Amino acid sequence: MDIQGVVAEGFEPVRDAFVRNFEVLGDRGAAVAVYRDGRKVVDLWGGTRDADGTEPWTEDTAQVVRSATKGVAAAVPLLLHQRGLLDLDAPVGSYWPEFKAGGKEKTLVRDLLAHRAGIPALDRGLTAAEAADGVSGPRAVAAQHPFWEPGTGHGYHAQTYSWLLSELVLRVTGRTLGSVLAEDIAEPLGLDFWIGLPESQAEAGRVGRVAPVEPPESAGTLRTRPRRNVSEAYADPGSLTRRAFAAIDPLPDENDAAYRAAELPASNGIGTARALARFYGATIGVVEDGARIFTPATTGLAAREHAAGPDRVLVVNTRFGAGYMLHGPASPLLSPASFGHPGRGGSLAFADPEAGIGFGYVTNALARSVTADPRAQALVRALRSAL
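Okay, so let's go over this structure. Given the structure is predicted, the values throughout are model-derived calculations rather than measurements.

Once that is clear, we can look at the side chain of Thr318. With respect to the helices, strands and loops of the structure, Thr318 is situated in strand β9 (residues 317-320). Of note is the side chain of Thr318, whose polar atom sits 2.8 Å from the side chain of Asp311. When neighbours within four sequence positions are excluded, Thr318 is seen to be in contact with His154, Ala307, Ala308, Gly309, Asp311 and Ala330.

What follows is the structure, given as structure tokens:
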């Protein structure tokens with residue numbers, strides 16, 4: 001495998017693990033990047049731009065990162081909070097009056113960020129067109145009766161997170177979440193990351209095609225085997241698990257231009273591993289040219305546990321901060337101090353404030369993993385060994 005890029009001295013184990021992901025774990029095209037104390041120490045890419053193609057992955061190839069989008073999107077409401085424009089302890093209905101319907105009048109902004117809002121699913125799944133139109137999704141979650149009393153438990157809002165965050169940001173700022181991200185975070189930091197892919201980037205041909213893959217036989221015992229109760233939850237059409245992931249039904253084509261142009265902060269972010277690593281580096285401190293996103297107080301808010309224990313959707317124990325998944329058995333990150341977000345199928349990005357790490361991994365080979373992909377975990381273990 002021809003791996004391109006650079007690795008600083010001492011971080012060679014990350015390169016070795018990245019190579020092994022192609023040789024043993026079935027990666028087709030991927031990139032990994034790491035920032036430490038604001039300085040880029042790993043920036044690698046290899047394979048093909050398209051999961052089922054032959055054109056090589058290049059330095060600026062970007063990919064859909066699925067739910068790793070959530071961690072980037074969560075920076076927008078936290079930035080608004082940092083600026084004094086959004087109170088996390090205020091009822092959502094104080095910004096979005098229609099949201100009070102169905103017994104949700106006491107739901108706090110903090111509950112939305114920590115997956116405690118009680119509306120991970122909808123009574124009727126939206127079509128791909130409805131999901132992307134900017135109106136149907138917010139209207140549906142506003143009208144939805146919660147599946148549990150908001151704030152009393154948590155369950156992963158796999159798809160509804162898009163409309164919850166996007167409408168909240170729109171009500172507070174008058175701008176879409178994707179535009180706030182672009183203008184207030186991505187452009188100042190020089191990040192190649194978009195929620196709502198601009199036509200100019202689509203035309204540039206930078207974005208590769210993703211495709212589902214099966215782990216190769218060479219993966220051996222590393223193949224993921226979910227517990228029986230988890231498998232049953234995903235298989236049962238009536239379970240909250242299946243209904244949460246089917247809030248868009250049928251699932252959209254992630255390679256479709258219309259889907260990529262839409263703003264779905266839960267699932268359709270597009271970017272490079274380098275952008276994700278730099279983004280997370282800037283959430284915990286200053287990166288290279290003096291840029292940063294969060295104050296120390298906001299970093300602490302992102303990393304502080306807001307929800308923990310049995311997840312009513314994922315059917316495992318999960319931990320969430322204010323918009324971020326936290327380190328735990330279901331989603332191992334670098335250390336208990338880490339916060340970030342995986343993407344179903346493989347991608348992963350996080351920060352570790354104690355180690356000064358910003359990490360990003362993106363792939364076009366979408367496996368069946370939800371929160372702990374073997375390729376991403378191999379890279380995290382290698383990074384841990386290098387520190």
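That was the structure; now back to the text.
This part is about the sheet that holds strand β4 (residues 63-64). Pairing is antiparallel in the open sheet, where 3 strands are placed in the order β4-β7-β5. What marks the edges here is a single partner per strand, and that holds for β4 and β5 (193-194). With 2 bridges joining them, β4 and strand β7 (residues 270-271) adopt antiparallel strand pairing. When the sheet's bridge partners are listed, Gln63 is paired in β7 with Gly271.

Here we take up the packing of aromatic side chains. Per the stated rule, a full pass over the model turns up 10 aromatic pairs. Between the aromatic rings of Phe350 and Phe359, the centroid separation amounts to 4.8 Å while the plane-to-plane angle is 20°, which identifies the pairing as stacked. With relative accessibility at 0%, the residue Phe350 sits in the buried group. Pairwise contacts between aromatic rings join Tyr156, Tyr234, Phe245 and Phe320 into one cluster.

Close contact between helix α1 (residues 12-23) and helix α14 (residues 374-386) brings their axes to 8 Å; oriented N to C, the two are set at 165°. Of the possible angle classes, the one that applies to α1 and α14 is roughly antiparallel. As α1 runs across α14, the sense of the crossing is right-handed. Residues Pro13, Val14, Ala17, Phe18 and Asn21 of α1 touch α14, and the partners they reach there are Arg375, Ala378, Leu379, Ala382, Leu383, Ser385 and Ala386. When the residues that make up the contact of α1 with α14 are grouped by side-chain class, the tally is 9 nonpolar, 2 polar and 1 charged.

A word on the nonpolar core. In this structure, Val76, Leu78, Trp163, Ile185, Phe193, Phe279 and Tyr324 are the most contacted members of the largest nonpolar core, which totals 70 residues. No other element matches the 9 residues that helix α2 (residues 68-82) contributes to this core. Not counting residues up to four positions away in its chain, the partners in contact with Trp163 are Trp96, Leu122, Leu126, Ala131, Gly137, Pro138, Val141, Ala247, Ile248 and Leu264. Grouped together as the second largest cluster of nonpolar side chains are 28 residues, Ala17, Leu333, Phe350 and Phe359 included.

Within the fold, Arg242 resides in helix α10 (residues 240-245). With relative accessibility at 33%, the residue Arg242 sits in the partly exposed group. The residues touching Arg242, leaving out its near neighbours within four places in the chain, are Ala233, Tyr234, Ala235, Asp236 and Pro237.

Look at helix α6 (residues 161-173): 18 Å from first C-alpha to last across 13 residues, which is about the 18 Å you get at 1.5 Å a residue. Restricting attention to buried positions, one finds in α6 the residues Tyr161, Ser162, Trp163, Leu164, Leu165, Ser166, Glu167, Leu168 and Val169. Here the buried face of α6 lies against α2, α3 (109-113), α4 (128-132), α5 (136-143) and α7 (177-189). Note on α6: the residue one or two positions beyond its end, Gly174, has a positive phi of about 80°.

What follows is about the pairing of strand β11 (residues 339-342). Residues Phe339 and His341 of β11 are buried on one face, and the alternating residues Gly340 and Pro342, pointing to the opposite face, are buried as well. For strand β10 (residues 325-326) and β11, the ladder comprises 2 bridges, and the chain directions are antiparallel. Bridge pairing in β11 places Leu326 opposite Phe339. Here β11 folds back onto strand β12 (residues 348-352), and the loop between the two strands holds 5 residues, one of which, Gly345, carries a positive phi near 105°.

We now examine α14. The terminal C-alpha atoms of α14 lie 18 Å apart, and with 13 residues this matches the ideal 18 Å at 1.5 Å per residue to within 8%. Among the residues of α14, those classed as buried are Arg375, Ala376, Gln377, Ala378, Leu379, Val380, Ala382, Leu383 and Ala386. The elements touched by buried residues of α14 are α1, β2 (29-36), β12, β13 (357-363) and β14 (365-366).

Here His115 shows up in the loop between α3 and α4. The class for His115 is buried, based on a relative accessible area of 0%. Once residues within four sequence positions are removed from consideration, His115 is found in contact with Lys70, Trp148, Gly153, His154, Gly155, Tyr156, His157, Tyr161 and Phe320.

The rules we used
- Residues numbered from 1 in each chain as written.
- Predicted model: local features only at pLDDT ≥ 70, side-chain atom pairs only at ≥ 80, totals over all residues.
- Heavy atoms only, no water.
- Helix = DSSP H or I, 4+ residues; strand = E, 2+ residues; numbered from the N terminus.
- Polar contact = N/O pair within 3.5 Å; in protein donor to acceptor, adjacent residues only side chain to side chain.
- Contact = heavy atoms within 4.5 Å.
- Pairing = 2+ DSSP bridges.
- Phe/Tyr/Trp six-rings, centres within 6.5 Å; stacked < 30°, edge-to-face > 60°.
- Buried < 20%, exposed > 50% of the residue type's maximum accessible area, 1.4 Å probe, protein only.
- Axes fitted to C-alpha atoms, helices over the stretch in contact; angles between N-to-C directions.
- Parallel < 35°, antiparallel > 145°, perpendicular 65-115°, else oblique.
- Left-handed = near helix turned anticlockwise from the far one by under 90°.
- Nonpolar A, V, L, I, M, F, W, Y, C, P; charged D, E, K, R; others polar.
- Core = buried A, V, L, I, M, F, W, Y, C linked by side-chain atoms within 4.5 Å.
- Expected span 1.5 Å × (residues − 1).

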